[in-house]
Amino acid sequence: MSSKTMPGDNHQQGKRPQQPGTPGNRNVGRNHDKKPFQKRETNQQMGDKSHGEPQGRRSQQDNVEEGANKAGGEKKFTQRCRLFVGNLTNDTTEEDFRGMFAKYGDVSEAYLNKERGFGFIRLDTRQNAELAKAELDSSTRKGRVLRVRFATHGAALKVKHLPSVVSNELLEQAFSQFGVVERAVCVVDDRGRPTGEGIVEFARKPGAQNALKRIREGCFILTSTPKPIAVEPLDQKDEEDGLPEKNIQKNLAYHKEREGQPRFSQPGSFEYEWGGRWKQLYDLEEEQRDQLKKQQQDAREKLEVDMESAHHDQQAMLMRQDLMRRQEELRRLEESRKDMDRRRQEEMRMREEQRRREEQQKQEEMMRRRNQELRIQQESMMRRRPDDILLQREQAVHQGDMKRQLFLQKQSRGGMGYGKQEVMRMGGSNGGGGNGPNNMGGAGAVGPNNTGNLDQSPMGGGPVMCI
């Protein structure tokens with residue numbers, strides 16, 4: 001049995017269709033007891049749709065579909081609910097056409113071609129569409145046998161090379177970026193194992209065309225493994241109704257071929273010989289397909305091994321790069337820390353030097369002020385000292401105290417020197433030398449109380465009193 005399914009079909013050949021909410025349906029757990037969406041339309045709207053293609057009436061159809069989807073449950077008014085009706089009479093109107101399907105549910109789209117005698121109609125659910133197909137197909141209307149089947153889905157894609165971990169939900173999520181997805185199914189075998197293929201049905205053709213173009217031009221990956229998928233237009237086949245006898249064209253080739261009955265050819269006959277050659281060709285084709293399949297499988301395994309090895313190499317390279325980056329960051333941090341330490345030490349050194357300079361300047365300033373104060377004190381003392389010495393010497397002369405006079409003479413030598421004229425002035429009131437009892441004497445003066453001669457001090461400056 002082929003793994004392909006008919007577009008819009010949700011069950012395999014020979015199996016009953018699954019009801020909404022049963023296992024295997026992607027709308028499990030949803031409430032399906034709600035009433036179907038009631039579509040209200042005026043006679044004017046129905047009359048407007050009696051001519052032209054259904055693509056020209058998308059606004060009303062979109063509103064109906066959006067309202068139905070909001071009502072909950074499975075998606076309604078999808079392409080899977082669209083039926084083709086053939087062999088209609090030319091006098092069939094759109095009202096008659098809609099009336100044929102009124103008892104099977106709500107209708108969102110009806111297109112009728114009176115001249116060619118066919119039409120398309122879209123019901124609300126797949127279940128109602130299947131019921132209408134089962135009852136109206138091969139039925140007679142106005143002397144004609146109607147042909148009812150599901151319309152070809154023009155916005156369906158076949159997806160290949162799907163990873164085994166991809167589910168229906170992930171497939172729908174991945175393809176939703178290209179357009180509104182009505183249905184996404186990962187095809188499985190009779191044991192429920194994924195076959196690597198899937199079907200995605202869009203609500204509009206532009207979405208399917210966009211997905212087909214972008215995936216063919218790019219590399220679309222669904223999982224962590226860098227294994228892209230491939231898409232192609234879905235090759236739609238009818239695996240349910242097949243080809244009944246009534247639908248075969250009864251032409252000359254039909255009658256010629258149908259002359260023979262099903263049989264086994266006799267050995268040694270013409271049929272047996274050529275039948276054997278055909279069987280050899282079949283076997284050769286099957287063998288070549290098996291070889292090709294084996295070669296493809298080997299190539300896949302080799303590519304997976306190479307990819308895994310390259311992935312490990314890439315991870316190792318990324319780790320090395322990360323390690324080198326971390327080492328570089330550590331080196332930069334260390335250099336920055338050393339630079340900061342150097343700047344800190346330099347700042348500390350500069351602050352210490354500044355502090356020492358400031359202290360030195362303070363000390364120098366204090367010394368300068370102290371020296372200045374001492375100099376002022378000395379100058380003040382020196383200005384007062386000559387007058388004091390002269391006064392004391394005069395008192396000593398009047399009192400006749402020789403020891404005191406000598407002491408004062410020594411004091412006058414240690415201080416500021418006096419000029420010779422000043423000393424001569426202090427010698428006495430008798431002028432430049434003379435004799436008398438109280439004569440200070442001049443140069444060579446002699447007297448009983450003469451203190452001696454005054455001479456110029458060899459140290460320079462002050463007068464020297466000689467005895």
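Each value, and the rule that gives it
- Residues numbered from 1 in each chain as written.
- Predicted model: local features only at pLDDT ≥ 70, side-chain atom pairs only at ≥ 80, totals over all residues.
- Heavy atoms only, no water.
- Helix = DSSP H or I, 4+ residues; strand = E, 2+ residues; numbered from the N terminus.
- Buried < 20%, exposed > 50% of the residue type's maximum accessible area, 1.4 Å probe, protein only.
- Contact = heavy atoms within 4.5 Å.
- Areas by Shrake-Rupley, 256 points an atom, 1.4 Å probe, with all protein chains shown as cover.
- Polar contact = N/O pair within 3.5 Å; in protein donor to acceptor, adjacent residues only side chain to side chain.
- Pairing = 2+ DSSP bridges.
- Salt bridge = Lys/Arg side-chain N within 4 Å of Asp/Glu carboxyl O.
- Core = buried A, V, L, I, M, F, W, Y, C linked by side-chain atoms within 4.5 Å.
- Axes fitted to C-alpha atoms, helices over the stretch in contact; angles between N-to-C directions.
- Arc of directions from axis to C-beta.

Caption draft 1: Region of interest: the overall build of the protein chain. Within the protein chain, the regular secondary structure consists of ten helices and twelve strands. For the protein chain, the residues scored as buried account for 30% of the 467 residues in total. Considering only contacts in the protein chain between residues 6 or more positions apart, those separated by 24 or more positions represent 59%. As presented, the protein chain carries roughly 31,700 Å² of accessible surface, and 51% of it is formed by carbon and sulfur atoms.

Caption draft 2: The environment of Leu-136, seen in detail. Tracing the sequence through the fold places Leu-136 in helix H4 (residues 126-136). On the basis of relative accessibility, which here comes to 12%, the residue Leu-136 falls in the buried class. Residues Leu-136 and Met-100, 36 residues apart in the sequence, show an inter-C-alpha distance of 8.7 Å. In this structure Leu-136 touches Met-100, Phe-101, Tyr-104, Leu-146 and Val-148, once residues within four positions along its chain are discounted.

Caption draft 3: Broad picture of the side chain of Arg-141. Structurally, the position occupied by Arg-141 is in strand E4 (residues 140-141). Polar contacts involving the side chain of Arg-141 include one to the side chain of Thr-92, which spans 3.0 Å. Discounting chain neighbours no more than four positions away, the residues touching Arg-141 are Thr-89, Thr-92, Asp-96, Met-100 and Leu-146.

Caption draft 4: Inspection of the pairing of strand E8 (residues 181-188) at higher detail. Counting buried positions along E8 yields six of eight residues, so the element is predominantly enclosed. Note: E8 against strand E9 (residues 194-202), six bridges, orientation antiparallel. Paired with Val-181 across the two strands is Phe-202, which belongs to E9. Following E8, the chain reverses through five residues before pairing antiparallel with E9; Gly-192 in that reversal takes a positive phi of roughly 85°.

Caption draft 5: Molecular detail of the pattern of salt bridges. Inspection of the entire model under this criterion finds 36 salt bridges. Between Lys-294 and Asp-298 there is a salt bridge, with its nearest N and O atoms 3.2 Å apart. Taken together, the positions of Lys-294 and Asp-298, both in helix H8 (residues 270-399) and four residues apart, correspond to about one turn of that helix. In this structure Lys-294 comes out as exposed when scored by relative accessible area, which is 53%. For Asp-298, a relative accessible area of 36% gives the class partly exposed. With its nearest N and O atoms 3.6 Å apart, the salt bridge here joins Glu-352 to Arg-356. Residue Glu-352 and its partner Arg-356 are both found in helix H8; the two are separated by four residues, about one turn of the helix. By relative accessible area, which is 30% here, Glu-352 ends up partly exposed.

Caption draft 6: Quick peek at the nonpolar core. Of all hydrophobic cores here, the largest spans 22 residues; its most connected members are Leu-162, Leu-171, Phe-175, Val-200, Phe-202, Phe-220 and Leu-222. Those elements giving two or more residues to this core turn out to be strand E7 (156-160), helix H5 (168-175), E8, E9 and helix H6 (205-217). For this core, the element with the highest residue contribution is H6, accounting for four residues. Residues contacting Leu-171, with those up to four places away along its chain left out, are Leu-162, Val-166, Ala-184, Val-185, Cys-186, Ile-199, Val-200 and Leu-222. By size, the runner-up hydrophobic cluster in this structure holds 18 residues, among which are Met-100, Phe-101, Leu-123 and Leu-136.

Caption draft 7: Local environment of the sheet that holds E9. Reading across the sheet, the four strands line up as E8-E9-E7-E10 and stay open at both edges, with antiparallel pairing between neighbours. Looking at the sheet topology across the chains shown, the edges are occupied by E8 and strand E10 (230-233). Mean inter-strand twist for the sheet, computed between neighbouring axes without regard to direction, equals 25°. With five bridges joining them, E7 and E9 adopt antiparallel strand pairing. Among the inter-strand pairings, Leu-157 is bridged to a residue of E9, identified as Val-200. Against the sheet, H5 contacts E7, E8, E9 and E10, and its axis sits at roughly 135° relative to E8. Those strands touched by H6 are E7, E9 and E10, and its axis lies near 140° from that of E10.

Caption draft 8: Focus on the environment of Leu-146. Looking at where Leu-146 falls in the secondary structure, it is placed in the loop between strand E5 (144-145) and strand E6 (147-150). A residue is classified by how much of its surface remains accessible, and Leu-146, at 2% relative accessible area, is buried. Taking the C-alpha atoms as reference points, Leu-146 and Leu-136, separated by ten residues in sequence, lie 7.0 Å from one another. Setting aside residues up to four positions removed in sequence, Leu-146 forms contacts with Gly-86, Asn-87, Leu-88, Met-100, Leu-136, Asp-137, Ser-138, Ser-139 and Arg-141.

Caption draft 9: Representation of H5 within the structure. The set of residues buried in H5 consists of Leu-171, Glu-172, Ala-174 and Phe-175. The arc that holds every buried residue of H5, seen down its axis, measures 160°, which confines them to one face. The inward-facing, buried residues of H5 abut E7, E8, E9, H6 and E10.

Caption draft 10: Just the sheet that holds E6, in detail. The strand order across the open sheet formed by four strands is E2-E3-E1-E6, and the pairing between neighbours is antiparallel. A single partner strand is all that each edge strand has here, and the edge strands are strand E2 (107-113) and E6. Neighbour-to-neighbour, the strand axes of this sheet turn through a mean angle of 15°, independent of strand direction. Relative to strand E3 (residues 118-123), strand E1 (residues 82-86) runs antiparallel, the two being bridged by five bridges. Considered in E3, the bridge of Val-85 is made with Gly-119. Here H4 sits on the sheet and contacts E1, E3 and E6; the angle it forms with E6, its principal contact strand, is near 155°.

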